[in-house]
Amino acid sequence: VYTNEFDYIRELIQNAIDATLLKIYLDDKENIEYQSPRSWHCNDKVMIAYSQKEGTLWVEDYGTGMNENELSNYLFKTANSGYKYMKKREFMFPAIAKFGIGFVACLTKADKIQILTQTQSDNGINAEIESKSTIAFIEKNIQRAWQGTTVILHFPALVIYCSFHNLHLQFHQG
């Protein structure tokens, strides 16, 4: 499924974009005339940050956020996208992510993954999973100032240097 060692980063970004657009799609106050999200009025951003010193990659959105059920049923399971059957308007939600494998790919790259998320109606959740574990630690009712999701990947030091050095070279050669 993945042909490039950095596909997992693309998948995280696609998930963040989908969550941001889904918030607009589900909002009854939003007038959406066309199926293409390019025609939608969206001011929210997807933020991406990388710290070589800390060994972390952050992908943050101001989208729908996730509750505990959505974390369990969609994010922590392979090949299960939460957008697959999403229809609230005359057309299905036009998700970029189709297969539900983006997050799982991160487990093969990072030592630890932290997810901070909050929906409009629920309190925040902090979920952590380590690459060698099959159990996620979930802390409920955390204080979070905004709706949306932050995914933080913690990498082993050697992988970061090699991988991101190669990514830098790929962008400059292409």
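The structure we're discussing is the one just above.
Keep in mind that what you see is a predicted model, and the values were worked out from it rather than measured.

The rules we used
Residues numbered from 1 in each chain as written. Predicted model: local features only at pLDDT ≥ 70, side-chain atom pairs only at ≥ 80, totals over all residues. Heavy atoms only, no water. Helix = DSSP H or I, 4+ residues; strand = E, 2+ residues; numbered from the N terminus. Buried < 20%, exposed > 50% of the residue type's maximum accessible area, 1.4 Å probe, protein only. Contact = heavy atoms within 4.5 Å. Areas by Shrake-Rupley, 256 points an atom, 1.4 Å probe, with all protein chains shown as cover. Pairing = 2+ DSSP bridges. Axes fitted to C-alpha atoms, helices over the stretch in contact; angles between N-to-C directions. Salt bridge = Lys/Arg side-chain N within 4 Å of Asp/Glu carboxyl O. Polar contact = N/O pair within 3.5 Å; in protein donor to acceptor, adjacent residues only side chain to side chain.

Asks: Explain the overall build of the protein to me, and be specific about the residues and the numbers.
Replies: Along its length, the protein carries four helices and six strands. Sequence-ordered secondary structure for the protein, helices as α and strands as β, is α-β-β-α-α-β-β-β-β-α. Evaluated residue by residue, the protein yields a buried proportion of 40% over its 174 residues. Here the analysis covers contacts within the protein between residues at least 6 apart in sequence; of these, 65% occur between residues at least 24 apart. When the accessible surface of the protein is summed, it comes to about 10500 Å², and 52% of that surface belongs to carbon and sulfur atoms.

Asks: Can you break down the sheet that holds strand E5 (residues 136-142) residue by residue, with the values?
Replies: Two strands in a sheet stick together by hydrogen bonds in their backbones, pointing the same way (parallel) or opposite ways (antiparallel). Strand order across the open sheet formed by six strands is E1-E2-E6-E3-E4-E5, with antiparallel pairing between neighbours. Looking at the sheet topology across the chains shown, the edges are occupied by strand E1 (47-51) and E5. Within this sheet the neighbouring strands show an average axis-to-axis angle of 10°, counted without direction. Taken strand by strand, helix H1 (residues 7-26) contacts E1, strand E2 (56-61) and strand E6 (148-154), and its axis lies near 20° from that of E2.

Asks: Please give an account of the pattern of salt bridges that cites residues and values.
Replies: Scanning the model with the defined rule gives four salt bridges in all. For the salt bridge of Glu11 with Arg10, the shortest nitrogen-to-oxygen distance reads 2.9 Å.

Asks: Go over the environment of Ser133, please, and point to the residues and values.
Replies: Locating Ser133 in the fold gives a position in the loop between strand E4 (124-130) and E5. Residue Ser133 is classed as partly exposed on the basis of its relative accessible area, which comes to 30%. For the pair formed by Ser133 and Leu107, sequence separation is 26 residues and the distance between their alpha carbons is 9.7 Å.

Asks: Explain the environment of Thr119 to me, using residue names and the numbers behind them.
Replies: Its place among the elements puts Thr119 in the loop between strand E3 (112-118) and E4. Each C-alpha atom, one on Thr119 and one on Gly65, is 4.4 Å from the other, the two residues being 54 residues apart in sequence. With sequence-adjacent residues up to four places away left out, Thr119 is seen in contact with Thr64, Gly65, Met66, Asn67, Glu70 and Gln147. Only 2.9 Å separates the side chain of Thr119 from the backbone nitrogen of Asp122, close enough to count as a polar contact.

Asks: Describe the environment of Ile48, listing the residues and the values that go with them.
Replies: Tracing the sequence through the fold places Ile48 in strand E1. Look at Ile48 and you get partly exposed, because its relative accessible area is 47%. For the pair Ile48 and Trp58, spaced 10 residues apart in sequence, the C-alpha separation works out to 5.5 Å. Discounting residues that sit within four places of it in the chain, Ile48 has contacts with Ile13, Leu57 and Trp58.

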